[in-house]
Amino acid sequence: MKITVNKLQKLTKVCPVAQNTTRNWGASEPLAGRISQRQGSRSSETGQYPARVTLSAEAATDPNSKTVMLAGRGASTGRGTSTAPFMPGASTGFGAGLGLVSGLVSLPFHHESRPITVFLTWSGSSHFQSLYCRVLCRNFLLTAMNEDQRSLFLSSSSHFPPPQGVKLSYGTSGFRADASILQSTVYRVGILAALRALKTQSVIGLMITASHNKVSDNGVKVADPSGGMLSQDWEPFADTLANAHDPQHLVELIAEFVQNENITLDGTKPVEILLARDTRPSGEFLLEAAKQGIGSIIGAVALDMGILTTPQLHWMVRARNGGVKASETDYFKQLSSSFRCLVDLSPSGTYANNVDDKLVVDGANGVGGEKLEILKTMLNGLAIEVRNSGKEGGVLNEGVGADYVQKEKVVPFSFGSQDVGIRCSSLDGDADRLVYFIVPSTSSNKIELVDGDKILSLFAIFITEQLSILNKEIDVKAKNDYQCQLGIVQTAYANGASTDYLKQLGLEVTFTPTGVKYLHEKAAEYDIGIYFEANGHGTILFSEQFLCWLKARTTELSDVAKGSEQHKAALRLLAVSELINQAVGDALSGVLLVEAILKHMGWSIERWNEIYEDLPSRQLKVKVVDRSAVVTANAETVAVTPPGIQEAINSETAKHPRGRCFIRPSGTEDVIRVYAEASSQDAADNLAQSVAKLVDQFLGFGSS
Ligand SMILES: CC(=O)N[C@H]1[C@@H](OP(=O)(O)O)O[C@H](CO)[C@@H](O)[C@@H]1O
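Residues numbered from 1 in each chain as written. Predicted model: local features only at pLDDT ≥ 70, side-chain atom pairs only at ≥ 80, totals over all residues. Heavy atoms only, no water.

Thoughts on the overall build of the protein
Check the secondary structure of the protein and you find 21 helices and 26 strands. Per-residue burial over the protein gives 58% buried out of 704 residues. A total accessible area of about 27,500 Å² is found for the protein, and carbon and sulfur atoms account for 50% of it. (Helix = DSSP H or I, 4+ residues; strand = E, 2+ residues; numbered from the N terminus. Buried < 20%, exposed > 50% of the residue type's maximum accessible area, 1.4 Å probe, protein only. Areas by Shrake-Rupley, 256 points an atom, 1.4 Å probe, with all protein chains shown as cover.)

What follows is the structure, encoded as C-alpha cells:
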C-alpha cells in the first residue's frame, strides 16, 4: 500500500516540501539497504506498525544545503514518549553533497510496544522543491501482534534452529526430507497451520508423514478447511517461513504476513488444529515440534488425533468443518455402513456366483495395514487378509507398498505363488494410494498391475451406468430435471490406452499437471469429478448442488417408485458419495468401493483388468545440474525450455509407432522424470533411454 504523505496531516505540517513525498507501507524490498534491527509499534495516524524504517532521499537540486532529520516520537498514549530528534547526516553517515542522498537510519524507538508516530522534518526547503523522499516501513509489526505474542514467538522459535545449508520447499505434497533435519520445518508449519486456521476461522489439519518415502524420511503437510491440500496461495509463505534463518527474521516474516492477510492475533477467536502422524518412529518428536509451533500462536489449540492415515485426517478436517461427527470410529462407521449399503444393492446373483470374497492386502508395513485390521472387523461379505501390516517386523515401504509395486511391477514381500488366482492389492505408507495386482501362474515374481487408471475406469463405468439408469424415462410422476456433468481428470502419466478407453465411453477427459492438488481442483468443477494418478491416488468428488438434487430425487423415487431400478441407482450414487473420501485419495475407502463395484458387476480381477490393455511404458529419472531449467506447458507434455529439447524429443518419438514421450522436473525429488510409451516394451524402453540421453546432453553434468 502506498500512502502519499500529504494525506498525513502531521507530516505535511512539519514538512513544507512534502508534495513529492511518498510513504510506502509494507513494501517488501528495502529502498536503500537495511537499517535498524529494532521494531517499532503502531502509528497513531495510520494504525500501522513501523518496525524498520529505511529512509532514502534523492535531492535533484543542491543537496549540500539540506539537513534531513528523521524523528520518532511517542504519541497518543502519552506514556514515556521517545522524541529524541535524530540527525542522520551526523550520526549514521547519512550522505550529503551527492546527487543521491540515502542512508540507513536507526529510529530511536525505545518503547517498542507503544504507539509511535514517525515523521520527517527537514530544513532548507527552498532547495528541496524536487526532493523525493520515501520512508519505507518494512516488517511493521503487527496489527494485532502484541508484545506477549512477539516474545512467545521469539522464545519458542529459538529452540528450533533451521538446518544449515538446506533449502526446503513445499512441494507436490508438503515438505519432505530426512527426518533428522525436519524439526524446525515442522515447528514452522505448526505456526502456518495455526495462522491458516485463524485466517479461515476453521479447523485445519497438520499431517506428519512422508507417504511412500523410505522410513528415515519424514514430512509435513497442511489440510485446508475443505479437507483438501493447503491453498496454493499460501505455499510461497510456507517456503519463506521454512527457510527463515533466525527467530528475529521469522517473527518479522510472520508479522508482515499477518498484516497483509489481516489476521488477528489476539486470541479472541480460538481455533483448532488437528494433528496426526503415520507410524514412522520420527513422527513422535516431530509432532512435539508441531505442537510448539501451534502453541506459539495465542488462541490456537492443537488436538492430537494420534496415529492416522493421511486421508483419515483430511476426512476429519472436512467433517468437522461440515459440522459432522469426526472421530476415527465415525470414519470407520461411515465407510463400513456405506459399503454394506452398496453391496446390499448389488443385482442379485452376481455377487454370490462370480466374485470371490477373498482379498489379500499389502499394508506397506505402515499405518494403512494397521487401520485396515480394524476396519475389516466391521465388514460383512468380504474376507480381507492383511499382510505387511507392520506387526511382523517388516520395514515401512521397503520391498512393499503401492509405490514399489507400481514402479517395479513385482510382487511385494510375503506375496508369491500361493496368491495365484487371488485378488491382491497394495496400499502405500500413509494409505493415500491404492493399486491392485494379479500374481500370474508363472514362477517369475512379475505381476500384472491394475493401476490407478484402471481403478478410475472401473469407477467411471459404474457411475456412468448408475447415471444412465437414473436418467431413463420412467413411468412415474418423478421428473428428471438435472443434467449431471461428469468429468474425468488425469495427468500425462495416465496410460494412453486408459484415456482412449474413457473417451470411447463418451466421457470428457481433461489433463492437469502432476500433483493431486491440481487434479482435485479440476475435478471439483464437475457435478461428479473422478480423478486418479496412475500411481493410485485419486477419488470422486460430488458437487453440493448435485448431492442436494440427488437426495431430493431419492426421496421422491422412494415415494413413487420404491425398489425400482431408478431408485436403486439413486441410492447407489448416494452410497458412493458416503463411502468415497471426498477430501483426498484414500486407499481404505478406495478398496471398499472397488470391492463393492466388482461385486455389483460380478467381475473377477482378471475381467476387470481386461477392459483395455495398457500400452507398454517406461519411466526413468535423470539427475541434472538444475532441474528448474526444464519449464513445461500443456499439462507438462511440452518442454518449453531449454530451447531445442522439445524438437529433439519429437524427432525421437516419431521413430516409434504409437510413441508418446515427455519430460518434467519432479516436485518431490531432485531429478528430471522421463515418461515414454510405445506399441512394444522394447520401443518404450528405447524411447525412454534416448530421451534420457537428450536430457543429459542438454542439462546433465557433462553439459555445464
Ligand atoms: C510420476 C509420479 O508418480 N509422480 C508422483 C510424485 O511427484 P513428482 O513431482 O513426480 O516427484 O509424487 C507426488 C506426491 O506423492 C505424486 O502426486 C506424483 O504423482
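Observations concerning the pattern of salt bridges
For the structure shown, the criterion picks out 28 salt bridges. A salt bridge links Arg387 to Asp419; the nearest nitrogen and oxygen atoms lie 2.9 Å apart. Of this pair, Arg387 sits in strand β14 (residues 383–387) while Asp419 sits in the loop between α12 (402–408) and β15 (423–427), placing them 32 residues apart in sequence. Both residues of the pair, Arg387 and Asp419, count as buried. A network of salt bridges, in which partner residues are shared, links Lys358, Glu385, Arg387 and Asp419. (Salt bridge = Lys/Arg side-chain N within 4 Å of Asp/Glu carboxyl O.)

Quick notes on unusual backbone geometry
For the peptide bond that leads from Thr641 to Pro642, omega is -5°, which places it in the cis range. Despite not being glycine, Glu636 has its phi angle at roughly 70°, a positive value. Looking at where Glu636 falls in the secondary structure, it is placed in the loop between β23 (631–633) and β24 (638–641).

Looking at the site of the ligand
Taken together, 16 residues surround the ligand, and among them Arg664, Ser666, Gly667, Thr668 and Arg673 come closest. Arg433 is positioned such that a nitrogen or oxygen atom in its side chain is 3.1 Å from an oxygen atom of the ligand. Glu533 places a polar side-chain atom, nitrogen or oxygen, 2.8 Å from an oxygen atom of the ligand. If the ligand stood free it would expose 440 Å²; the protein chains cover 93% of that surface. A class-by-class count of the residues in the shell around the ligand yields 1 nonpolar, 10 polar and 5 charged. (Near = heavy atom within 4 Å. Polar contact = N/O pair within 3.5 Å; in protein donor to acceptor, adjacent residues only side chain to side chain. Nonpolar A, V, L, I, M, F, W, Y, C, P; charged D, E, K, R; others polar.)

A look at the UniProt feature "domain: Alpha-D-phosphohexomutase alpha/beta/alpha" (unreviewed entry) in the protein
According to UniProt, the "domain: Alpha-D-phosphohexomutase alpha/beta/alpha" (unreviewed entry) feature falls on residues 200–233. Across residues 200–233 one finds 3% helix and 35% strand; the C-alpha atoms that close the span lie 13 Å apart. (UniProt positions renumbered as here; feature names shortened; annotations may be inferred.)

Details of the sheet that holds strand β9 (residues 204–208)
Hydrogen bonding along the main chain pairs the strands of a sheet, whether they run parallel or antiparallel. Taken in spatial order, the 5 strands make up an open sheet running β8-β10-β9-β11-β12, and their pairing is mixed. Only two strands of the sheet have a single neighbouring strand rather than two, namely β8 (175–178) and β12 (300–307). In this sheet, neighbouring strand axes are inclined to one another by 15° on average, regardless of whether the strands run parallel or antiparallel. In terms of strand pairing, strand β11 (residues 271–277) meets β12 through 6 bridges, oriented parallel. Looking at β12, one finds that Val271 is bridged to Ala300. Against the sheet, helix α8 (residues 310–321) touches β9, β10 (217–223), β11 and β12, its axis set at about 165° to β11. (Pairing = 2+ DSSP bridges. Axes fitted to C-alpha atoms, helices over the stretch in contact; angles between N-to-C directions. Contact = heavy atoms within 4.5 Å.)

Some words on the nonpolar core
Buried together is how nonpolar side chains tend to be arranged in soluble globular proteins. If you look at the biggest cluster of nonpolar residues, it comprises 85 residues, and the most contacted ones within it are Tyr436, Phe459, Ile463, Ile528, Ile530, Ile540 and Trp608. Judged by nonpolar contacts, the second largest core, of 47 residues, contains Ala193, Ala244, Val271 and Ile297. (Core = buried A, V, L, I, M, F, W, Y, C linked by side-chain atoms within 4.5 Å.)

Here we look at the pairing of strand β26 (residues 672–677)
Across the 6 residues that make up β26, a large majority, 6, are buried. Both faces of β26 are covered, namely the face carrying Ile672, Val674 and Ala676 and the face carrying Arg673, Tyr675 and Glu677. Where strand β22 (residues 617–622) lies against β26, 6 bridges are found, and the strand directions are antiparallel. For Arg618, the partnering residue across the bridge sits in β26 and is Ala676. Two elements, strand β25 (residues 660–665) and β26, share 6 bridges in a ladder whose sense is antiparallel. Along β26, the bridge assignment pairs Phe662 with Tyr675. As consecutive antiparallel partners, β25 and β26 are separated by 6 residues.

Here we look at the sheet that holds β25
Sheet architecture is open: 3 strands sit in the order β22-β26-β25, paired in antiparallel fashion. Unpaired on one side and paired on the other, β22 and β25 mark the two borders of the sheet. In this sheet, adjacent strand axes meet at a mean angle of 15° when their direction is disregarded. In the packing of helix α21 (residues 681–699) onto the sheet, contacts are made with β22, β25 and β26, and the angle to β22 comes to roughly 20°.

As for empty space enclosed by the protein
On inspection of all chains with the given rule, the structure shows 2 cavities of 30 Å³ or more. Roughly 50 Å³ of internal volume is contained in the largest cavity. Residue lining of the largest cavity: Asp432, Leu434, Ile455, Phe532, Gly536, Gly538, Ile580, Gly585, Asp586, Ala587 and Gly590, and that is the complete set. A per-class count over the lining of the largest cavity returns 5 nonpolar, 4 polar and 2 charged. (1 Å grid on protein atoms, 1.4 Å probe; cavity = no way out; pocket = protein on both sides within 12 Å on 5 of 7 lines; lining within 4 Å. Points joined across faces, edges and corners; volume = space filled by probe spheres on them.)

So, the environment of Ser628
Structurally, the position occupied by Ser628 is in the loop between β22 and β23. Along the primary structure Ser628 and Arg664 are separated by 36 residues, whereas in three dimensions their C-alpha atoms are 9.3 Å apart.

Here's the deal with the domain arrangement of the protein
When the domains of the protein are assigned, the result is domain 1 (2–138), domain 2 (147–307), domain 3 (333–450), domain 4 (453–609) and domain 5 (617–703). Inter-centroid distance (C-alpha atoms) of domain 2 to domain 3 is 34 Å. Taken together, the contact between domain 2 and domain 3 spans 10 residues of the former and 14 residues of the latter. Of the roughly 900 Å² buried between domain 2 and domain 3, counting both surfaces, carbon and sulfur atoms make up 53%. Summed over the shared surface of domain 2 and domain 3, the number is 0 salt bridges. Put simply, domain 2 and domain 3 have 7 residue pairs in polar contact (both at pLDDT 80 or more) between them. Tallied by class, residues from the side of domain 2 that touches domain 3 come to 2 nonpolar, 5 polar and 3 charged. (Domains from an automatic or database assignment. Buried area = accessible area lost by both parts, 1.4 Å probe.)

A few points about the packing of helix α9 (residues 328–344) against helix α11 (residues 367–376)
For the pair α9 and α11, interaxial distance at closest approach is 10 Å and the crossing angle is 60°. Comparing their axes, α11 and α9 come out oblique. For the crossing formed where α9 meets α11, the hand is right-handed. Residues Glu328, Phe332 and Leu335 of α9 touch α11, and the partners they reach there are Lys371, Ile374 and Leu375. In terms of residue class, the contact of α9 with α11 is made up of 4 nonpolar, no polar and 2 charged. (Parallel < 35°, antiparallel > 145°, perpendicular 65-115°, else oblique. Left-handed = near helix turned anticlockwise from the far one by under 90°.)

What to know about helix α17 (residues 565–579)
The first and last C-alpha atoms of α17 sit 21 Å apart over 15 residues, in line with the 21 Å expected at 1.5 Å per residue. For α17, a buried count of 11 out of 15 residues is recorded, marking the element as mostly surrounded by other parts of the structure. By the burial criterion, the buried members of α17 are Gln566, His567, Ala569, Ala570, Arg572, Leu573, Leu574, Ala575, Val576, Ser577 and Leu579. Along its buried surface, α17 packs onto α9, α13 (452–471), β21 (538–542), α16 (544–560) and α18 (587–601). (Expected span 1.5 Å × (residues − 1).)

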